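# Reading the structure
The residues making up each chain are set out below.
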Amino acid sequence: MTPTLQPATPLLHLGDYRRRSKTTYFNRAELDQLLGLYSRQVARGEWRDYAIDHRDGIAVFSVFRHTHETPLYAIAKYAGGRHGDEYVAFSGRQKLHASRSLGDVLHYFQKKLAVVSSR
């Protein structure tokens, strides 16, 4: 009696089942807007340093008053939901403003910083 051969189990490639998210970056126009706001605040003596972080699905532009502190503010770009990119401004963990437009988020910043600096 000869043994019956059973069909081989198909191989599964785990890469086909993993969530495919790409690293998110700020484009040149977005960086120009962010660095424009940053340079105005540096000229006023409010901000002194910045950092840019890129991760899966999110890019973050953080600004600091002093280099060795936690960020004063962070502006995050969340890539490609159902409605496209979303921009969110944070102060610590507090969400200050969210919009589909980076210009709207930066406009919020300009209004907020103008009120604070006019005292």
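About the cut-offs
- Residues numbered from 1 in each chain as written.
- Predicted model: local features only at pLDDT ≥ 70, side-chain atom pairs only at ≥ 80, totals over all residues.
- Heavy atoms only, no water.
- Core = buried A, V, L, I, M, F, W, Y, C linked by side-chain atoms within 4.5 Å.
- Buried < 20%, exposed > 50% of the residue type's maximum accessible area, 1.4 Å probe, protein only.
- Helix = DSSP H or I, 4+ residues; strand = E, 2+ residues; numbered from the N terminus.
- Contact = heavy atoms within 4.5 Å.
- pLDDT = per-residue confidence, 0-100.
- Polar contact = N/O pair within 3.5 Å; in protein donor to acceptor, adjacent residues only side chain to side chain.
- Phe/Tyr/Trp six-rings, centres within 6.5 Å; stacked < 30°, edge-to-face > 60°.

This part is about the nonpolar core. One finds Leu34, Trp47, Ile75 and Phe109 to be the most contacted residues of the largest nonpolar core, which totals 17 residues. When residues of this core are traced back to their parent elements, those giving at least two are α1 (28-43), β2 (58-64), β3 (73-81), β4 (84-91) and α2 (102-117). Of all the elements, α2 adds the most residues to this core, at 4 residues. When neighbours within four sequence positions are excluded, phenylalanine 109 is seen to be in contact with Leu37, Trp47, Tyr73, Ile75 and Ala89. Ranked by size, the runner-up nonpolar core spans 6 residues in total, among them Ile58, Val60, Val88 and Phe90.

With that out of the way, let us pick up the confidence of the model for the protein chain. For any part of a model where pLDDT is low, the fine detail of the predicted coordinates should not be relied upon. Residues with a pLDDT of 70 or more make up 75% of the protein chain, whose mean pLDDT is 84. By mean pLDDT, α2 is the weakest element of the protein chain at 75, and β2 is the strongest at 96.

Moving on to the side chain of threonine 24. Along the polypeptide, threonine 24 turns up in the segment before α1. Relative accessible area serves as the criterion here: at 5%, threonine 24 is assigned to the buried category. Side-chain polar atoms of threonine 24 contact the backbone nitrogen of isoleucine 58, separated by 3.3 Å. Setting aside its immediate chain neighbours within four residues, threonine 24 contacts His54, Arg55, Gly57, Ile58, Ala59, Lys77 and Ala79.

With respect to the helices and strands, valine 42 occurs in helix α1. Each C-alpha atom of the pair valine 42 and arginine 65 lies 9.3 Å from the other, and the pair is 23 residues apart in sequence.

This part takes up the packing of aromatic side chains. Considering all chains together, one arrives at 5 aromatic pairs under this definition. A centroid spacing of 6.1 Å and a plane angle of 55° characterise the contact between tryptophan 47 and tyrosine 73, whose relative ring orientation is tilted. You can see tryptophan 47 sitting in the loop between α1 and β1 (49-55) and its partner tyrosine 73 sitting in strand β3, a full 26 residues away along the chain. As far as burial versus exposure is concerned, tryptophan 47 and tyrosine 73 are alike and both buried. Counting every residue linked through ring pairs, the aromatic cluster contains Tyr38, Trp47, Tyr50, Phe61 and Tyr73.

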